[in-house]
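# Tertiary structure, described
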Amino acid sequence: MAFELPDLPYSHDALADKGMSRETLEYHHDIHHKAYADKTADMVAGSEWEGKSIEDIIKGTYDKSVVAQSGLFNNASQYWNHNQFWNWMTPGESKMPSEVERALTESFGSVDTFKDEFSTKGGGQFGSGWVWLVKDADGSLKVTSTENGVNPLCFNQTALLGCDVWEHSYYIDYRNKRPAYLSNFLDKLVNWEDVASRM
């Protein structure tokens, strides 16, 4: 499998009016995401993981007994995370489909309660990491956070929505105001149609 940097699904300045600048996307996608893609490709070449899917590599190299994961896991996981991240945002209208609203209300009591929990988990994630809306194997929805590049694949969960809370995702636009970045993400940027397609 080739690990190449995918094109953004919109232009670099498409999200600027919604709180994510062209400069952020140039750094985040063109530099950070590209580095994960290139390093994954280099590490996989000639190894036992050559020819395997990115999902198999992530699941096969994750070590739940340690915090400091291997270089291959870190880069492969961050490559996958970012492949999803760009599609979780849209320059278009951020309207929540009724089936998503219903599922969030059933699981969290209300959409606002879900957003509060998502923002609290993401804002409280110490250091670098991600915050997620996931579906467990039993079909239940929950909000989780993970350190560094760890993602729901490691726990046999389906990632319905994820937000990068590494500083490179928000520092240009929000400096150290991670809660403001998360609120803007939920209220203006989320591609809820994509979330619905994953449910």
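Preceding this paragraph is the structure being described.
The structure contained in this document is the topic of the report that follows. Small disclaimer: the values here were computed from a predicted structure and weren't measured.

Formed by 57 residues in total, the largest nonpolar core has its most connected members in Met89, Leu104, Phe114, Phe118, Leu161, Phe185 and Trp192. The biggest single contributor to this core is helix H3 (residues 71-85), with six residues. Apart from residues lying up to four places away in sequence, Trp192 is in contact with Ser94, Lys95, Met96, Pro97, Val100, Leu104, Phe114, Leu161 and Leu186.

Because the α-helix completes a turn every 3.6 residues, residues three or four places apart line up on one side. The end-to-end C-alpha distance of helix H1 (residues 22-44), which contains 23 residues, comes to 31 Å, matching closely the 33 Å that a straight helix rising 1.5 Å per residue would cover. Along H1, the sharpest kink reaches roughly 30°, centred on Lys34. Buried residues along H1 sit in contact with helix H2 (54-61), H3, strand S3 (158-164) and helix H6 (171-174). Directly beyond the C-terminal end of H1, a positive phi value near 75° is found at Gly46.

This paragraph deals with helix H5 (residues 111-124). For H5, with 14 residues, the first-to-last C-alpha span of 20 Å sits near the 20 Å given by 1.5 Å per residue. Burial in H5 covers these residues: Val111, Phe114, Lys115, Phe118, Ser119 and Gly122. On an axial view of H5, the arc spanned by its buried residues comes to 125°, and they lie on one face. Facing away from the buried surface of H5 by more than 90 degrees, the exposed residues are Asp112, Asp116, Thr120 and Gly124. The inward-facing, buried residues of H5 contact helix H4 (98-108), strand S1 (129-135), strand S2 (141-147), S3, helix H7 (178-189) and helix H8 (192-198).

Moving on: the sheet that holds S3. Taken together, three strands build an open sheet; the order of strands is S2-S1-S3 and the sheet is antiparallel. Each having just a single partner strand, S2 and S3 make up the two edges of the open sheet. When the angles between neighbouring strand axes are averaged without regard to direction, this sheet yields 25°. Bridging between S1 and S3 involves six bridges; their strand directions are antiparallel. By the bridge assignment for S3, Trp132 is matched with Gly162. In the packing of H3 onto the sheet, the strands contacted are S1 and S3, and the crossing angle to S1 comes to about 65°.

Right, let's talk about the packing of H2 against H3 for a bit. Where H2 meets H3, the axes come as close as 9 Å, and the angle between the chain directions of the two elements is 140°. As the angle between them shows, H2 and H3 are arranged oblique. Two packed elements cross with a definite hand, and for H2 against H3 that hand is left-handed. Each of Ile54, Glu55, Ile57, Ile58 and Thr61 in H2 lies in contact with H3, whose residues at this interface are Leu72, Phe73, Ala76, Ser77, Tyr79 and Trp80. Looking at the contact of H2 with H3 residue by residue, the classes come out as eight nonpolar, two polar and one charged.

What follows covers the packing of aromatic side chains. Ring pairs (aromatic) are described by centroid distance and by the angle formed between their planes. All chains considered together, the criterion is met by 14 aromatic pairs. A ring pair is formed by Phe85 and Trp130, whose centres lie 5.6 Å apart and whose planes are at 90°; its orientation type is edge-to-face. Of this pair, Phe85 sits in helix H3 while Trp130 sits in strand S1, and the two are 45 residues apart along the sequence. What makes Phe85 buried here is its relative accessible area of 0%. For Trp130, a relative accessible area of 0% gives the class buried. Ring plane angle 55° and centroid distance 5.6 Å describe the contact between Phe114 and Phe118, whose orientation is recorded as tilted. Remark: Phe118 and Phe114 occur in helix H5; sequence separation between them is four residues, near one turn of the helix.

About the thresholds
For every chain, the first residue of the written sequence is number 1, and numbering continues from 1 along that sequence. Restriction of local features to residues with pLDDT of at least 70 applies here, the model being predicted, together with a cutoff of 80 or more for giving and counting side-chain atom pairs; totals for whole chains, interfaces and linings are based on all residues. By convention in this description, side-chain values take in all heavy atoms of the structure and omit both hydrogens and water. Among buried residues, those of type Ala, Val, Leu, Ile, Met, Phe, Trp, Tyr and Cys that are joined through side-chain atoms within 4.5 Å constitute a nonpolar core. Burial status follows relative accessibility: with a 1.4 Å probe on protein chains alone, a residue under 20% of its type maximum counts as buried, one over 50% as exposed, and anything between as partly exposed. Each helix is a run of DSSP H or I of at least 4 residues and each strand a run of E of at least 2, with the numbering of both proceeding from the N terminus. Residue contacts follow a heavy-atom distance rule, with two residues in contact if any of their heavy atoms lie within 4.5 Å. Any helix carries an expected span of 1.5 Å times its number of residues minus one. Two axes define the bend at a residue: one fitted to the seven residues ending there, one fitted to the seven starting there, and the bend is the angle between them. Along the arc lie the directions from the helix axis toward the C-beta atoms. One requirement defines pairing of two strands: DSSP has to find at least two bridges between them. Axes, fitted as lines to C-alpha atoms, cover a helix only where it is in contact. Angles between the N-to-C directions of the axes lie from 0 to 180 degrees. To sort the angles, those under 35 degrees are grouped as roughly parallel, those over 145 as roughly antiparallel, those from 65 to 115 as roughly perpendicular, and the leftovers as oblique. The sense of a crossing depends on the near helix, which, turned anticlockwise from the far helix by less than a right angle, makes the crossing left-handed and, turned clockwise, makes it right-handed. Under the scheme applied, nonpolar residues are Ala, Val, Leu, Ile, Met, Phe, Trp, Tyr, Cys and Pro; charged residues are Asp, Glu, Lys and Arg; polar residues are all the others, including Gly. Each Phe, Tyr or Trp ring (for Trp, its six-membered ring) is paired with any other whose centre lies within 6.5 Å, and the angle between the two planes then decides the class: stacked below 30 degrees, edge-to-face above 60, tilted in between.

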